[in-house]
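Observations on chain architecture
Listed below are the residues making up each chain.
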Amino acid sequence: MTNSANVGNGAGQDKTKVIIVGAGFGGLTAAVECHRRGIHVEIYEAFPELKVLGDIISFGPNAGRIFARWSDGEIAAKLKRECIDLSQYGFRIHKYDTGEIVAQQPASQSNKDAPTLNGHRGELHEIVFNYVRDQLGVPIHLGQRVVEYFETEDDAGIILENGEKVTCDCVIGADGVRSKARELVLGYEDKPKSSGYAIWRAWFPSEKLAEDPRTAEFCVNGDTFNGWIGPDAHFLFSTLKGGKCCSWVLTHKDTYDIEESWSFPGKIEDVLEMLADWDPICSAIVEKTPSVVDWKLVYREPLPRWVSSGGRIALIGDAAHPFLPTSVQGASQAMEDGVTIASCVAKAGKGRIPRALQAYQDIRYERVGAVQKTGESTRERWHKADWKNVKQDPDSIKLPREDWILQFDAERHASEVLEELFQKA
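Residues numbered from 1 in each chain as written. Predicted model: local features only at pLDDT ≥ 70, side-chain atom pairs only at ≥ 80, totals over all residues. Heavy atoms only, no water.

1. Quick word on the sheet that holds strand β12 (residues 170–173)
The strand order across the open sheet formed by five strands is β8-β3-β2-β12-β19, and the pairing between neighbours is parallel. For this open sheet the edge positions go to β8 (140–141) and β19 (313–315), each flanked by a neighbour on one side alone. Strand direction decides the pairing type here: strand β3 (residues 40–44) and β8, joined by two bridges, are parallel. Looking across to β8, one finds that Y44 is bridged to H141. The sheet strands contacting helix α1 (residues 25–36) are β2 (17–21), β3, β8 and β12, and the helix crosses β3 at an angle near 165°. (Pairing = 2+ DSSP bridges. Helix = DSSP H or I, 4+ residues; strand = E, 2+ residues; numbered from the N terminus. Contact = heavy atoms within 4.5 Å. Axes fitted to C-alpha atoms, helices over the stretch in contact; angles between N-to-C directions.)

In structure tokens form, the structure reads like this:
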């Protein structure tokens, strides 16, 4: 069955039509930005229904300024209300065994035009998802698994599991680390590899923590953020919503075969065994955890390209460039991708899609590679900490906050460089 009419219903025949595969933050951002620029866009998502899942996710100011431009700041304000407030607490970094605070990092200064946002992934995702579907009216087709991508000289599209064929001017593959679109772009299956690390992670109500004198301090005075840095491991713990909820992640060495499973329920006893020689506060937190996810960190060599040979299918977000959590930039960079590709497609127009997608790759490729490396450098900074040096220079253990990453304006940058790129092309 072929269906080209359902992409662009009610739109003029000369209007650019875009399909986005994947309704994560990258795909939703691309949809908003296409909509803002008058491009007809629709999203196809394999999940049958929206579920509020996950734990903590972070967006830097570079993503915050993207949110802030939607509906005159309305969406950023909604997100901010659900996020951690560290204005009074900051980030306290502890030595793993003694528990002593070796560095205190103040919170980023609040900026309504470019806020820092850290909150529950599912809750924040729900706000953005509902904005795209309900307020903007962008069609989001749930329960539609894409089994194949195609492109010709004049169009591109997807084939769904039910056999339906949908055509458009270009396809944006925002379908995550196990992207199907990646196979068409590369011409072969690029399987994920183990990074050598994994994360135990959890989110749960903090009542039991508040009842324990050892952990009550994290729950009774508002939101908190603490990190314990150890040999080849680090434990990050936050309380949110005024101390009523909490989240922790423990990054550690791991050699599990991701071909079998890269995310599955973990065992609390395994976490406690690893923390046996750590500050007892860490175990006091973990032992109250009702359940934990064991998430294997996927690694990929940088892809040689993000755009198909025909120039009508492009990858964004994790489909193109998975990030280590220590970069604190995975979701933010996916959003930058979404803004940039929408800017390029709008600039090019319907007749120059291949040029638009090549410009998107040219703009993003080097920056993304440089930001990806910060995930490795931060992990090395923590996992191989020289404690004598840290005592003399506490800044050496702090989480890097670099202006070239956080103060970047993807929309403005695209507008500044697009004309030159199109002239060169």
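2. With respect to the domain arrangement of the chain
The parts lose accessible area when they come together, and the size of an interface is often stated as this lost area. Domains assigned within the chain are domain 1 (17–84 + 110–190 + 300–386 + 402–424) and domain 2 (193–299). Here domain 1 and domain 2 have C-alpha centroids that lie 28 Å from each other. Opposite the 22 residues of domain 1 that make contact, domain 2 presents 27 residues. Between domain 1 and domain 2 lies a buried interface of about 2,100 Å² when both sides are counted; carbon and sulfur atoms form 61% of it. Among the residues of domain 1 in contact with domain 2, I84, W382 and H383 are the three that bury the most area, contributing 29% of the side total. On the surface where domain 1 and domain 2 come into contact, there are three salt bridges. R201 is the partner of D55 in a salt bridge, and the nearest nitrogen-oxygen pair spans 2.5 Å. Where domain 1 touches domain 2, the interface holds five residue pairs in polar contact (both at pLDDT 80 or more). Those elements giving two or more residues to the side of domain 1 that touches domain 2 turn out to be β7 (117–120) and α10 (353–383). Residue contributions to the side of domain 1 that touches domain 2 peak at four residues, all from α10. (Domains from an automatic or database assignment. Buried area = accessible area lost by both parts, 1.4 Å probe. Salt bridge = Lys/Arg side-chain N within 4 Å of Asp/Glu carboxyl O. Polar contact = N/O pair within 3.5 Å; in protein donor to acceptor, adjacent residues only side chain to side chain.)

3. Topic: the pattern of salt bridges
Evaluation of the coordinates by the stated rule reveals 28 salt bridges. Taking the shortest distance from any N to any O, the salt bridge between K112 and D113 comes out at 3.4 Å. Overall, D113 belongs to the partly exposed group, its relative accessible area being 48%. With a closest N to O distance of 3.0 Å, D395 and K398 form a salt bridge. Judged by its relative accessible area of 48%, D395 is partly exposed. In this structure K398 comes out as buried when scored by relative accessible area, which is 19%. Through salt bridges with shared partners, a single ionic network connects E33, R36, R37, R69, D409 and E411. (Buried < 20%, exposed > 50% of the residue type's maximum accessible area, 1.4 Å probe, protein only.)

4. Focus: the environment of A356
By the element assignment, A356 lies in helix α10. Judged by relative accessible area, A356 falls into the buried class, the value being 0%. The sequence separation of A356 and L418 amounts to 62 residues, and the corresponding C-alpha distance is 9.1 Å. In this view, A356 contacts C344, V345, A348 and F422; residues no more than four positions away in its chain are not counted.

5. Let's talk about the side chain of T374
Of note, T374 is situated in helix α10. Separated by 2.5 Å, the side chain of T374 and the backbone oxygen of V371 make a polar contact. Look past the residues within four positions of T374 in its chain and what remains in contact with it is T326, S327, E402, W404 and I405.

6. Considerations on the packing of aromatic side chains
Scanning the model with the defined rule gives 12 aromatic pairs in all. When the ring of F59 is compared with that of F67, the centres are 5.2 Å apart and the planes differ by 80°; the resulting orientation is edge-to-face. The exposure classification of F59 matches that of F67, with both residues buried. Aromatic pair W70 and Y131: ring centres 5.9 Å apart, planes at 15°, arrangement stacked. You can see W70 sitting in the loop between α2 (61–68) and α3 (74–81) and its partner Y131 sitting in helix α4 (residues 121–135), a full 61 residues away along the chain. (Phe/Tyr/Trp six-rings, centres within 6.5 Å; stacked < 30°, edge-to-face > 60°.)

7. Quick look at the nonpolar core
In summary, soluble globular proteins display a tendency toward joint burial of nonpolar side chains. Core analysis: the largest hydrophobic core is formed by 83 residues, its most contacted members being F59, F67, V132 and I158. If we skip the residues at most four places from it in the chain, V132 touches L28, A31, V32, I43, G137, V138 and I140. Counting residues in each nonpolar core, the second largest holds 45 residues, with F91, L236, W382 and L399 among its members. (Core = buried A, V, L, I, M, F, W, Y, C linked by side-chain atoms within 4.5 Å.)

8. Some remarks on helix α9 (residues 330–348)
Counted at 1.5 Å a residue, the expected span for α9 with its 19 residues is 27 Å, and the 27 Å between its end C-alpha atoms agrees. Of all 19 residues making up α9, 16 are buried, and the element is well covered by its neighbours. G349, located one to two residues past α9, shows a positive phi value of around 80°. (Expected span 1.5 Å × (residues − 1).)

9. Observations concerning α10
Relative to the 45 Å expected for 31 residues at 1.5 Å per residue, α10 spans 45 Å between its end C-alpha atoms, a close match to the ideal helical length. The principal kink in α10, of about 35°, is found at R364. (Bend = angle between axes of the 7 residues up to and from the residue.)

10. Describing the environment of D277
With respect to the helices, strands and loops of the structure, D277 is situated in the loop between α7 (268–274) and α8 (280–286). A residue is classified by how much of its surface remains accessible, and D277, at 65% relative accessible area, is exposed. When the C-alpha atoms of D277 and D97 are compared, they prove to be 6.4 Å apart, with 180 residues separating the residues in sequence. Apart from the residues lying within four places of it in its own chain, the contact partners of D277 are Y96 and D97.

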